[in-house]
Amino acid sequence: MGTAMMTAKQQGWQLGTLTLLLGGLISCGQLAKIGANVNITNIRDLQQNRTAYSTVYLKGRVENQAPFLGTGAYEVRDATGSIWVITTKALPNKGDEVLIKGEVQYKSIPVGGQDLGEVYLTEVEKL
């Protein structure tokens, strides 16, 4: 009887472990599928030609955070540069890899006849 119970318990653990592993693989597969189905924009391209884009997908690592009341911002870096992302959702942690959909924004800052403005994103969705 003890052996039969142990076997049932082991089968339960195995089934639970298998379920967790499959769930993880499916969710990772969905992220890879999403990443494969969208055109990811380089941050450098946004900063060099800000008027060519309206909605983009970016992929990178979170470098910094700036929490605000009701909103927040986080800096995303890819191999080509970094950009700030404004969000009303929970901020990702520093070091997190993110894939986001965002709307390109530009804030003009005229100084001495020059435009020292900044390109940033408003987050639409974290994928």
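Procedures and definitions
Residues numbered from 1 in each chain as written. Predicted model: local features only at pLDDT ≥ 70, side-chain atom pairs only at ≥ 80, totals over all residues. Heavy atoms only, no water. Helix = DSSP H or I, 4+ residues; strand = E, 2+ residues; numbered from the N terminus. Buried < 20%, exposed > 50% of the residue type's maximum accessible area, 1.4 Å probe, protein only. Contact = heavy atoms within 4.5 Å. Pairing = 2+ DSSP bridges. Lys, Arg positive; Asp, Glu negative; His and termini not counted. Salt bridge = Lys/Arg side-chain N within 4 Å of Asp/Glu carboxyl O. Polar contact = N/O pair within 3.5 Å; in protein donor to acceptor, adjacent residues only side chain to side chain.

*Asks:* Explain the environment of Lys59 residue by residue, including any values.
*Replies:* Within the secondary structure, Lys59 sits in strand S1 (residues 55–67). When its relative accessible area of 48% is taken as the criterion, Lys59 is described as partly exposed. Separated by 40 residues in the primary sequence, Lys59 and Leu99 place their C-alpha atoms 4.4 Å from one another. Excluding residues within four positions of it along the chain, Lys59 makes contact with Ile40, Asp78, Val98 and Leu99.

*Asks:* An account of the pairing of strand S7 (residues 118–126) is needed here, citing residue identities and associated values.
*Replies:* As judged from the three bridges shared by strand S3 (residues 81–87) and S7, these two strands associate in the parallel manner. Considered in S7, the bridge of Ile86 is made with Thr122. Pairing analysis gives eight bridges linking strand S4 (residues 97–107) to S7, with the strands arranged antiparallel. Residue pairing across strands places Gly102 opposite Glu123, the latter belonging to S7.

*Asks:* Describe the side chain of Asp78, with residues and values.
*Replies:* Within the element layout of this structure, Asp78 appears in strand S2 (residues 72–78). We note that Asp78 is buried and unpaired, the nearest opposite charge coming from Arg77 at a distance of 6.8 Å. Polar side-chain contacts of Asp78 include one of 3.1 Å to the backbone nitrogen of Ile43. A polar side-chain atom of Asp78 sits 2.7 Å from a polar atom in the side chain of Thr80.

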